[in-house]
Amino acid sequence: MDALFALQQIIGLLVQVLVMLIIIQFVIGLLFAFNVVSPSNQFLTALYNSINKLLEPILRPIRRLMPDTGAVDFSPLVLILLMQIVLIVIGSIG
């Protein structure tokens, strides 16, 4: 029983980290899009590219399944919802 609780905690922590990365990616993307921060800012550009490289393998399959919505990418929202569903299911097991 303790092992299941530990697994729930680890998965919960990973979900929190992924959600924070998605939010950071979104905010930096908005800052670039509205010219609040210049894309020539090396730190934010490197951070944004690093987060994109981490999230892209997870978001790519979701993007393939979703219809094309033009400029708005809903795959991060879908990923957050799916992760929350997984947390609820795992929480109900224990």
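Everything discussed here concerns the structure shown above.
Reading the values: rules and limits
Residue indices begin from 1 for each chain and proceed along its sequence in written order. Confidence filtering applies because this is a predicted model: local features only for residues at pLDDT of at least 70, side-chain atom pairs given and counted only at 80 or more, and all residues used for totals across whole chains, interfaces and linings. Side-chain measures were taken over the full set of non-hydrogen atoms in the model, leaving aside hydrogen atoms and water. Think of it this way: any DSSP run of H or I at least four residues long counts as a helix, any run of E at least two long counts as a strand, and we number them from the N terminus. We take the radius of gyration over the C-alpha atoms and set the globule estimate at 2.2 Å times the residue count to the 0.38 power. Only protein chains enter the accessibility calculation, which uses a 1.4 Å probe; a residue is then buried when its area is under 20% of its type maximum, exposed when over 50%, and partly exposed in between. Residue contacts follow a heavy-atom distance rule, with two residues in contact if any of their heavy atoms lie within 4.5 Å. Ring pairs are drawn from Phe, Tyr and Trp, using the six-membered ring of Trp, whenever the two centres fall within 6.5 Å, and their geometry is named by plane angle: stacked under 30 degrees, edge-to-face over 60, tilted for the rest. Under the convention used throughout, the expected extent of a helix is 1.5 Å for every residue step, that is, one less than its residue count. The angle between axes fitted to the seven-residue stretch ending at a residue and the seven-residue stretch beginning at it gives the bend at that residue. Any N or O atom pair separated by 3.5 Å or less is treated as a polar contact, with the protein-specific requirement of one donor-capable and one acceptor-capable atom, and with residues adjacent in sequence counted only for side-chain atom pairs. Nine residue types can take part in a nonpolar core, namely buried Ala, Val, Leu, Ile, Met, Phe, Trp, Tyr and Cys, and a core is a set of them joined through side-chain atoms within 4.5 Å.

What about the overall build of the protein?
When helices and strands are counted, the protein shows three helices and zero strands. Mapped from its N terminus to its C terminus, the protein presents α and β elements in the order α-α-α. For 94 residues, the compact-globule formula gives about 12 Å, and the C-alpha radius of gyration of the protein, at 16 Å, lies well above that figure. Overall size of the protein, expressed as C-alpha extent along the three principal axes, is 50 × 30 × 20 Å. Residue burial in the protein is summarised as follows: out of 94 residues, 21% are buried.

Brief notes about the side chain of Q25
You can see Q25 is positioned in helix α1 (residues 2-33). Discounting residues that sit within four places of it in the chain, Q25 has contacts with Y48, I51, N52, L55 and L59.

So, unusual backbone geometry
Positive phi values are uncommon outside glycine, yet N35 reaches one of about 55°. You can see N35 is positioned in the loop between α1 and α2 (42-65). What makes N35 exposed here is its relative accessible area of 62%.

A look at the packing of aromatic side chains
With the rule as written, the count across this model stands at one aromatic pair. Taking the centre distance of 5.8 Å and the plane angle of 80° together, the rings of F32 and Y48 count as edge-to-face. Taken together, the positions of F32 in helix α1 and Y48 in helix α2 put the pair 16 residues apart, joining distant regions of the chain.

A word on α2
Here α2 spans 33 Å end to end across 24 residues, near enough to the 34 Å set by a 1.5 Å rise per residue. The axis of α2 is deflected most strongly, by about 50°, at E56, and proline P57 appears within four residues downstream. Three or more residues of α2 are buried, namely L44, I51, L55, L59 and I62. For α2, the secondary structure elements touched by its buried residues are α1 and α3 (75-93). At the N-terminal end of α2, a side-chain oxygen is found 3.2 Å from the backbone nitrogen of F43, two or three residues along, and the residue is N41.

A look at the nonpolar core
One finds V15, V19, L21, I22, I51, L55, L59, I62, L79 and M83 forming the largest nonpolar core, which totals ten residues. The set of elements that each furnish at least two residues to this core consists of α1, α2 and α3. Discounting chain neighbours no more than four positions away, the residues touching L59 are Q25, S75, P76 and L79.

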